[in-house]
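What follows is each chain in one-letter form.
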Amino acid sequence: MDDYLVSVLSNIGVISFVALSAYLLLLTGEISFGQQAFFAIGAYAAGMATAMWGWPLALGIAWGAAVGAACAVSLGIPTLRLRGLQFSIATLAFAEMVRILFELFRYQVDIDGEPVGPNGTDGFRSIRYIFDHNIETFDFMMLIYTMLAVTLAGFMLLERSRLGVIFRMIGEDATLASLQGIAVARYKVLAAGIAGALAAVGGGLYAHLTTYVEPRTFDVMLGVHSLAYGLIGGLGTALGPLLGVVIDVGLLESVRLFAGYRMIIFGGLVALLLIFRPRGLLDERLVNRIGRLFRNAISGSTRTGRGSR
Amino acid sequence: MIDFIQNTIDGVMIGSSYGLLALGFTVIFGVMRRLNLSYGPTVMIGAYFGTVLYLDFGAGLLAVAAAVVAGAVISGVYVERLCFAPMKAGAGIASMVSSFAIWMQLEQAAVLVLPRHTYPFPPLATGPALEIGPLLVRPDHLIMLGGALLLAAVVQLALYHTRFGLGLRAVIANPIAANLVGVDVGRLVMLAFAAASAIGGVAGFLVLAVDQQVTPMFGMWATLKGLIAMMIGGLGSIPGALLGGLLLGVVEVHSHWLFGPQVRDLFAYFVLFAFLVARPGGLLGRTADVELSHRV
Amino acid sequence: MLDVSELVTTYGKIEALKGVSLHVAGGKITCLLGPNGAGKTTLMMTIAGILRPRRGSIKLEGAELVGLSPAKIVSRGIALVPENRLVFPEMSVRENLLAGAYQRRDKSEIAADMERMYARFPQLKERREQLAGTLSGGEQQMLAVARALMSRPRVLLMDEPSLGLAPLIVAEIFDIVAALNRDGTTMLLVEQNAHMALKVAHQFFLMEQGRVTFQGTPGQLAEDEVIQRAYLGTRRAG
């Protein structure tokens, strides 16, 4: 596989985590402009763990996820009673604060005669774990996709579980859900925590993929993009945000055909798409229909199976 | 002490431009109950209209101002027709994401027309700062503040003392009831959008004429500053928008003076966050005004 | 005066009106009765232009209304007092009345009509600068009627004006309905309160499940049968 393809695919995989993070909150009815903060936190925490403290990669990423989840929960609690635009702007403000704090954050240790660690606006360089351990970029890509597959499997289970139903119920109508005896606050904080962890895992992988991170990577643009991916790809399934990322990062970033006009075409297409499919390509209705077809096909084949016997 | 007063004055001056941006935002949000992320970029397109006129045709200040406002109105109506008018009830989030996509489009269009990172913009008022005792006030700042106060007064008057304003408030209260009394809701919303873009255009012109340069990043800057000032001031309140802008300006100038530019932005976001958590309605808005559920 | 014929209005695939025809005679009160979900409000919203019919026609003195915008329909002379009144809560009583005259440009006539409304509804005059949202339910209903009248309608549509009001207030509202009619206003009135409706109506229609199932004059059908059908729907034979 050529290097360019590996790098594009790796990017798609990593960005998918932030998109899924924003998507999970959308399910519970919240529009967050701030999931990039947890992506950043995961990237810095995991990077510091492996590059500065010499932790193994798995532990570093798990640590990043834990820090991300903890920060997300501590954002989730004060923003609980905020609705709609207030919530969105509060998450945006939080994420910008996080980004600026990373711009001010300097903490370096000496490793092999070289200072390593976050260095303000210059970012955090030499997160060299995959070089030091001779991990091929292809293998690292496979790692990203394995983790993404596990995450997707988690989403599929969630959709079928009681928790998934509760999340969607809160998203449809939080008041109604609370009248049904659901502890809305607790589940919202839980969703925020999971979403934070997800973005942080993506961040941890991203830091090791690119070997350095800069605060400005994690600006509002990344946050709004992550949100948009779900809307473009579709809100009916966790595959929707993935499709959104593939369309944007994969198709358009890598095909240089429209160089200079890319956003003019893509922006217009997205606007048109949303007129006709306001909940994205893979919206709830389409997913439901495909699911029915699929189930019918299965029950149909078992019926013919029985008939032939 | 003199520094403190001087910084506060400067903050009010800078803040008046934020207030103006928030004014346009407030009109759009009030009428649509939807977030137009493309608000800043439409103003930026207007600014590019003005810059082209200035660079290629040597246009004067008033012509440039007219071009900025016209460009903002044209691109604002384009955004309204594409991202807001065709969206059904309940698709507020689709409108928002769609306006984001158009933001990207407008930004690229601007870069295609003028590919360098910065371009000059004609100055509003040259000449020395006015000395009032130990304090200094820039004349262009005074014009900006005057413009903001004037425009806020005009918007308030138009909203409460004209037929257009009456119809608009009817739409804000209840679009169906507005329809039933004979208000052409679609047309009125488009006009309100155009008016809000014109306000944004005036704000953009004043800011750029003070800075004397324009970049494609101006769109994002204008959206963010307008949004922050609007949220601090309180959704749906015209005086609130202005006041929110002034407060943001004062906070920024003081924290810049004390701690430098990075901490300035940190402070601005912190004030925004603290307001949202402690007082979600902002300075003058009512909490009941806020509803951007992704269904309704 | 107002002729509705073969009107079909759908919500997605569901037909809420399945070919409704009715005639509203000029100068008369026509009542529309029927159980919840019969399509009465859908019919009113379709006449007012808020909903677009799939098929059929709505003619006001021979001129087609289907396809016109709600604003145009108001200027042609139809005004709807909507279910739940929908006054503009953050606007004063006076501003609500002004909004009712939105399609009109004749300033002096508007001012004169305003005075007429205050004469007819003295409570509104007392509260002219009060915000409409702070009025009582009955006062809001009067405001909604007055607001509709401000457009000088040729046909006044009223959707459940008695909804949620105390019996005494309901009686007052029906007095207003009768008085307006004496002054020559043509009315199409949707009501759940069949007893009150039959008292004032000159003719009435029964709607059930998206269709008109009976039309006639009060007295043609025993009141308890009307009530039976208006509340519960017809018990189908077999």
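Residues numbered from 1 in each chain as written. Chains lettered and ligands numbered in written order. Predicted model: local features only at pLDDT ≥ 70, side-chain atom pairs only at ≥ 80, totals over all residues. Heavy atoms only, no water.

## Regarding the sheet that holds strand 8 (residues 186-191) of chain C
Residue and element names in this part refer to chain C.
At step 1: One open sheet accounts for 6 strands, arranged 6-7-8-3-9-10; its pairing is mixed. Since the sheet does not close on itself, it has two edges, and those belong to strand 6 (78-81) and strand 10 (211-216), each with one partner. Put simply, the sheet's adjacent strands are angled 20 degrees from each other on average, direction ignored.
At step 2: With 4 bridges connecting them, strand 3 (residues 29-33) and strand 9 (residues 203-208) associate as parallel partners. Bridge assignment links L32 to a residue of strand 9, and that residue is F205.
At step 3: Strands in contact with helix 6 (residues 137-149) are strand 6 and strand 7 (155-159); relative to strand 6, the strand with the most contacts, it is inclined by about 170 degrees. (Pairing = 2+ DSSP bridges. Helix = DSSP H or I, 4+ residues; strand = E, 2+ residues; numbered from the N terminus. Axes fitted to C-alpha atoms, helices over the stretch in contact; angles between N-to-C directions. Contact = heavy atoms within 4.5 Å.)

## A short note on the packing of aromatic side chains
At step 1: For the structure on display, the rule yields 20 aromatic pairs over all chains.
At step 2: Here the aromatic residues Y44(A), F102(A), F105(A), Y107(A) and F124(A) are joined through ring pairs into a cluster of three or more.
At step 3: In this arrangement the basic side chain of R125(A) is found over the ring face of Y212(A), its NZ or CZ atom lying 5.0 Å from the centre.
At step 4: For R147(C), the ring lying beneath its charged end belongs to F88(C), and the centroid distance is 4.9 Å. (Phe/Tyr/Trp six-rings, centres within 6.5 Å; stacked < 30°, edge-to-face > 60°. Lys NZ or Arg CZ within 6 Å of the ring centre and 35° of its normal.)

## Quick look at helix 9 (residues 218-233) of chain B
Residue and element names in this part refer to chain B.
At step 1: The terminal C-alpha atoms of helix 9, which comprises 16 residues, lie 22 Å apart, in line with the 22 Å expected from a rise of 1.5 Å per residue.
At step 2: Burial within helix 9 is extensive, with 15 of its 16 residues counted as buried.
At step 3: After helix 9 finishes, the residue G234 shows a positive phi value of roughly 115 degrees. (Expected span 1.5 Å × (residues − 1). Buried < 20%, exposed > 50% of the residue type's maximum accessible area, 1.4 Å probe, protein only.)

## Description of the environment of V212(C)
Residues and elements named next belong to chain C.
At step 1: Turning to its location among the elements, V212 is positioned in strand 10.
At step 2: As for V212 and L65, which are separated by 147 residues in sequence, their C-alpha atoms are 21 Å apart.
At step 3: The contacts of V212, once residues within four sequence positions are left out, are V20, S21, F205, L206 and M207.

## What to know about the arrangement of the chains
At step 1: By contact count, the leading pair among the 2 pairs of chains in contact is chains A and B.
At step 2: In this view chain A stays clear of chain C, with the nearest C-alpha atoms of the two still 14 Å from each other.

## Focus on the interface of chain B and chain C
At step 1: At the interface, 20 residues of chain B touch 22 residues of chain C.
At step 2: Of the roughly 1800 Å² buried where chain B meets chain C, counting both sides, 67% is carbon and sulfur surface.
At step 3: Ranking the residues of chain B by area buried against chain C places R163(B), L180(B) and V181(B) at the top, with a combined share of 38%.
At step 4: The partner of E95(C) in a salt bridge is R169(B), with the nearest N and O atoms 2.6 Å apart.
At step 5: Remark: the boundary between chain B and chain C carries 3 residue pairs in polar contact (both at pLDDT 80 or more).
At step 6: Elements that contribute at least two residues to the side of chain B that touches chain C include exactly helix 6 (163-173) and helix 7 (175-180) of chain B.
At step 7: It is helix 6 of chain B that provides the largest number of residues to the side of chain B that touches chain C, a total of 7 residues.
At step 8: Class assignment for the residues of the side of chain B that touches chain C results in 12 nonpolar, 4 polar and 4 charged. (Buried area = accessible area lost by both parts, 1.4 Å probe. Salt bridge = Lys/Arg side-chain N within 4 Å of Asp/Glu carboxyl O. Polar contact = N/O pair within 3.5 Å; in protein donor to acceptor, adjacent residues only side chain to side chain. Nonpolar A, V, L, I, M, F, W, Y, C, P; charged D, E, K, R; others polar.)

## Quick look at the confidence of the model for chain C
Residues and elements named next belong to chain C.
At step 1: On average, chain C scores 89 in pLDDT, and the residues at 70 or more come to 96%.
At step 2: Mean pLDDT values for the elements of chain C range from 70 in helix 9 (residues 223-232) up to 95 in helix 3 (residues 93-100).
At step 3: The ipTM for the predicted assembly is 0.90, set against a pTM of 0.87. (pLDDT = per-residue confidence, 0-100.)

## Thoughts on the pattern of salt bridges
At step 1: Inspection of every chain in the model, using the stated rule, returns 25 salt bridges over all chains.
At step 2: Across the salt bridge formed by E80(B) and R81(B), the nearest N and O atoms sit 2.9 Å from each other.
At step 3: Of the residues examined, E80(B) reaches a relative accessible area of 2% and is grouped as buried.
At step 4: In this structure, the salt-bridge partner of R154(C) is E61(C), at a minimum N-O distance of 2.3 Å. Of the two residues, R154(C) is situated in the loop between helix 6 and strand 7 and E61(C) in the loop between strand 4 (55-60) and strand 5 (63-64); the sequence distance between them amounts to 93 residues.
At step 5: Among the residues examined, R154(C) registers a relative accessible area of 38% and is labelled partly exposed.
At step 6: Shared partners join several salt bridges into a network, and the residues in it are R104(C), D106(C), E109(C), D113(C), R116(C) and R152(C).

## Here's the deal with a positive patch on the surface
At step 1: A cluster of basic residues, R160(A), R285(A), R289(A), R292(A), R295(A), K88(B) and K13(C), forms a positive patch on the protein surface.
At step 2: In terms of residue count, the dominant contributor to the positive patch is helix 13 (residues 284-308) of chain A (4 residues).
At step 3: Tracing the chain through its elements places R292(A) in helix 13.
At step 4: According to the relative accessible area criterion, R292(A) is partly exposed, its value standing at 45%. (Patch = residues over 30% accessible without salt bridge, like charges linked within 9 Å, V, L, I, M, F, W, Y side chains within 5 Å. Areas by Shrake-Rupley, 256 points an atom, 1.4 Å probe, with all protein chains shown as cover. Lys, Arg positive; Asp, Glu negative; His and termini not counted. Charge placed at Lys NZ, Arg CZ, Asp CG, Glu CD.)

## Observations concerning the packing of helix 3 of chain C against helix 6 of chain C
Residue and element names in this part refer to chain C.
At step 1: With their axes 7 Å apart at the nearest point, helix 3 and helix 6 run at an angle of 35 degrees to one another. Crossing handedness for the pair helix 3 and helix 6: right-handed. Taking contact as the criterion, the partners of V93, N96, L97 and G100 in helix 3 are, on helix 6, L143, A146 and R147.
At step 2: Counted by class, the contact of helix 3 with helix 6 contains 4 nonpolar, 2 polar and 1 charged residues. (Left-handed = near helix turned anticlockwise from the far one by under 90°.)

## Quick word on the interface of chain B and chain A
At step 1: Counting from both sides, the interface comprises 45 residues of chain B and, opposite them, 50 residues of chain A.
At step 2: Of the roughly 4200 Å² buried between chain B and chain A on both sides combined, carbon and sulfur atoms contribute 78%.
At step 3: Along the contact surface separating chain B from chain A lie 0 salt bridges.
At step 4: Linking chain B with chain A are 6 residue pairs in polar contact (both at pLDDT 80 or more).
At step 5: Among the residues forming the side of chain B that touches chain A, the class breakdown is 36 nonpolar, 7 polar and 2 charged.

## Here's the deal with a nonpolar patch on the surface
At step 1: Taken together, Y261(A), I265(A), L269(A), L272(A), F276(A), L112(B) and V113(B) make up a surface patch of nonpolar side chains, about 710 Å² in accessible area.
At step 2: For the nonpolar patch, the elements supplying multiple residues, two or more each, are helix 12 (262-276) of chain A together with helix 4 (92-113) of chain B.
At step 3: Ranked by residues supplied to the nonpolar patch, first place goes to helix 12 of chain A with 4 residues.
At step 4: By the element assignment, L272(A) lies in helix 12.
At step 5: For L272(A), a relative accessible area of 41% puts it in the partly exposed group.

## So, the sheet that holds strand 1 (residues 2-11) of chain C
Residue and element names in this part refer to chain C.
At step 1: Judged by pairing direction, the sheet is antiparallel, and its 4 strands sit side by side in the order 2-1-4-5 without closing on themselves. Two strands close off the open sheet at either side, each with one partner strand: strand 2 (14-24) and strand 5.
At step 2: As paired strands, strand 1 and strand 4 are joined by 5 bridges and run antiparallel to one another. Bridge pairing in strand 4 places D3 opposite K59.
At step 3: Helix-sheet contacts for helix 1 (residues 40-47) involve strand 1, strand 2 and strand 4, and the interaxial angle to strand 1 is about 110 degrees.

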